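Summary of structural features
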Amino acid sequence: MLLLRLLAGKEQQGEFRHFFISDFLSFALTVNEVTRYTSLVTIKQEATINGVDLSAFLRPKMVIRLYHDARMAEVVSNQDVRQIKPRYDYPNKRMHLPDEKEQINQFLTEWLQLSLQLGQSHVALL
(Lines give C-alpha, C1' and ligand atoms only; values in the text may rest on other atoms or scores of the structure.)
Protein backbone atom coordinates (compact mmCIF):
# COMPACT_ATOMS: atom_id res chain seq x y z
CA MET A 1 0.00 0.00 0.00
CA LEU A 2 2.85 2.39 0.79
CA LEU A 3 4.40 1.78 -2.61
CA LEU A 4 1.11 2.38 -4.41
CA ARG A 5 0.70 5.67 -2.53
CA LEU A 6 4.15 6.74 -3.67
CA LEU A 7 3.51 5.79 -7.28
CA ALA A 8 0.31 7.89 -7.19
CA GLY A 9 -1.09 6.71 -10.50
CA LYS A 10 2.28 6.29 -12.25
CA GLU A 11 1.66 2.66 -13.05
CA GLN A 12 2.62 2.38 -16.72
CA GLN A 13 5.90 0.85 -17.87
CA GLY A 14 8.69 3.42 -18.01
CA GLU A 15 7.06 5.93 -15.66
CA PHE A 16 9.04 7.15 -12.69
CA ARG A 17 8.90 9.38 -9.62
CA HIS A 18 11.64 11.15 -7.71
CA PHE A 19 11.39 11.97 -4.00
CA PHE A 20 13.87 14.47 -2.61
CA ILE A 21 14.56 13.93 1.08
CA SER A 22 17.26 16.57 1.44
CA ASP A 23 19.66 18.58 -0.73
CA PHE A 24 21.85 15.54 -1.33
CA LEU A 25 19.54 12.53 -0.86
CA SER A 26 16.70 11.32 -3.07
CA PHE A 27 14.84 8.15 -3.96
CA ALA A 28 13.84 7.19 -7.51
CA LEU A 29 10.98 4.81 -8.29
CA THR A 30 10.75 3.36 -11.79
CA VAL A 31 8.05 1.07 -13.18
CA ASN A 32 9.98 -1.59 -15.14
CA GLU A 33 7.21 -3.96 -16.18
CA VAL A 34 3.44 -4.14 -16.02
CA THR A 35 1.44 -7.31 -16.64
CA ARG A 36 -2.16 -8.18 -15.97
CA TYR A 37 -1.56 -9.40 -12.40
CA THR A 38 1.84 -7.97 -11.42
CA SER A 39 4.13 -4.98 -11.78
CA LEU A 40 7.89 -4.77 -11.35
CA VAL A 41 9.19 -1.59 -9.69
CA THR A 42 12.74 -0.47 -8.91
CA ILE A 43 13.48 1.86 -6.01
CA LYS A 44 16.98 3.22 -5.59
CA GLN A 45 18.68 5.77 -3.42
CA GLU A 46 20.64 8.55 -5.06
CA ALA A 47 23.14 10.59 -3.06
CA THR A 48 25.27 13.46 -4.33
CA ILE A 49 27.58 15.45 -2.07
CA ASN A 50 29.66 18.31 -3.46
CA GLY A 51 28.97 17.09 -6.99
CA VAL A 52 30.20 13.55 -6.25
CA ASP A 53 27.67 10.80 -6.99
CA LEU A 54 27.85 8.29 -4.13
CA SER A 55 25.18 5.97 -5.55
CA ALA A 56 27.79 3.82 -7.30
CA PHE A 57 29.54 3.17 -3.99
CA LEU A 58 26.48 2.58 -1.82
CA ARG A 59 24.36 0.74 -4.43
CA PRO A 60 21.13 0.92 -2.41
CA LYS A 61 18.63 -0.51 -4.89
CA MET A 62 15.67 -2.87 -4.67
CA VAL A 63 13.49 -4.49 -7.29
CA ILE A 64 9.97 -5.16 -6.03
CA ARG A 65 7.20 -7.24 -7.60
CA LEU A 66 3.69 -5.95 -6.85
CA TYR A 67 0.86 -8.49 -6.92
CA HIS A 68 -2.29 -6.55 -7.87
CA ASP A 69 -4.91 -9.11 -6.85
CA ALA A 70 -3.30 -9.92 -3.48
CA ARG A 71 -2.33 -6.25 -2.86
CA MET A 72 1.08 -7.46 -1.78
CA ALA A 73 4.73 -6.71 -2.58
CA GLU A 74 7.79 -8.97 -2.69
CA VAL A 75 11.42 -7.87 -2.81
CA VAL A 76 12.86 -9.68 -5.84
CA SER A 77 16.41 -8.36 -5.50
CA ASN A 78 18.31 -6.19 -3.08
CA GLN A 79 21.60 -4.56 -4.09
CA ASP A 80 21.74 -6.91 -7.08
CA VAL A 81 21.30 -10.04 -4.91
CA ARG A 82 18.51 -12.08 -6.49
CA GLN A 83 16.37 -14.92 -5.18
CA ILE A 84 16.45 -14.03 -1.52
CA LYS A 85 15.44 -17.06 0.55
CA PRO A 86 12.98 -16.75 3.44
CA ARG A 87 15.50 -18.35 5.85
CA TYR A 88 19.23 -19.10 5.73
CA ASP A 89 21.30 -21.53 7.76
CA TYR A 90 23.96 -19.63 9.63
CA PRO A 91 26.84 -19.37 9.01
CA ASN A 92 26.63 -19.70 5.24
CA LYS A 93 28.95 -19.08 2.31
CA ARG A 94 27.69 -15.55 1.55
CA MET A 95 27.12 -14.70 5.22
CA HIS A 96 23.41 -13.93 4.82
CA LEU A 97 21.63 -13.49 8.11
CA PRO A 98 19.07 -16.14 9.09
CA ASP A 99 16.20 -13.63 8.70
CA GLU A 100 17.64 -11.75 5.69
CA LYS A 101 14.34 -11.50 3.79
CA GLU A 102 12.49 -10.15 6.83
CA GLN A 103 15.17 -7.49 7.36
CA ILE A 104 15.05 -6.48 3.70
CA ASN A 105 11.27 -6.13 3.87
CA GLN A 106 11.60 -4.01 7.02
CA PHE A 107 14.22 -1.82 5.30
CA LEU A 108 11.89 -1.34 2.31
CA THR A 109 9.09 -0.30 4.68
CA GLU A 110 11.38 2.26 6.31
CA TRP A 111 12.44 3.63 2.88
CA LEU A 112 8.82 4.01 1.81
CA GLN A 113 7.76 5.63 5.10
CA LEU A 114 10.67 8.09 4.86
CA SER A 115 9.66 8.98 1.31
CA LEU A 116 6.05 9.53 2.36
CA GLN A 117 6.94 11.59 5.43
CA LEU A 118 9.80 13.75 4.17
CA GLY A 119 9.89 13.28 0.41
CA GLN A 120 9.15 16.11 -1.95
CA SER A 121 8.48 15.60 -5.62
CA HIS A 122 8.52 18.04 -8.52
CA VAL A 123 5.00 18.46 -9.86
CA ALA A 124 4.23 20.03 -13.22
CA LEU A 125 1.68 22.83 -12.83
CA LEU A 126 -1.05 23.05 -15.46
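Sequence order as written defines the numbering, with residues in each chain counted from 1. Only residues with pLDDT of at least 70 are given local features in this predicted model, and only at 80 or more are side-chain atom pairs given and counted; all residues enter the totals for whole chains, interfaces and linings. Calculated side-chain values reflect all of the structure's heavy atoms, with hydrogen atoms and water omitted.

Now for the environment of T38. Position of T38 relative to the elements: it lies in strand β3 (residues 38-49). C-alpha separation for the pair T38 and V76, spaced 38 residues apart in sequence, amounts to 12 Å. If sequence neighbours within four positions are ignored, T38 has contacts with E33, R65, L66, Y67 and H68. By definition, any uninterrupted DSSP run of H or I lasting at least four residues is a helix, any uninterrupted run of E lasting at least two residues is a strand, and each is numbered from the N terminus. Between two residues, a contact is recorded if the distance between any of their heavy atoms is within 4.5 Å.

Looking at where S39 falls in the secondary structure, it is placed in strand β3. A simple rule labels every residue: compare its accessible area, found with a 1.4 Å probe on the protein chains alone, to the largest value its type can have, and call it buried under 20%, exposed over 50%, or partly exposed in between. What makes S39 buried here is its relative accessible area of 6%. Polar contacts, as counted here, are pairs of nitrogen or oxygen atoms within 3.5 Å of one another; within protein the pair requires one atom able to donate a hydrogen and one able to accept it, and residues that are adjacent in sequence qualify only if both atoms are side-chain atoms. In this structure the side chain of S39 is engaged in a polar contact, spanning 2.9 Å, whose partner is the side chain of H68. Each residue touching S39, except ones within four places of it in the same chain, is listed here: E33, V34, I64, R65, L66 and H68.

Time to look at the pairing of β3. Two strands pair under a simple rule: DSSP has to find at least two bridges between them. In this structure, strand β2 (residues 25-34) lies alongside β3, joined through nine bridges in antiparallel fashion. Looking across to β3, one finds that A28 is bridged to K44. Counting the residues that bridge the hairpin from β2 to β3 gives three residues. As defined by bridge partners, β3 adjoins strand β5 (residues 61-67) across seven bridges and the pair is classed as antiparallel. By the bridge assignment, K44 is partnered in β5 with K61.

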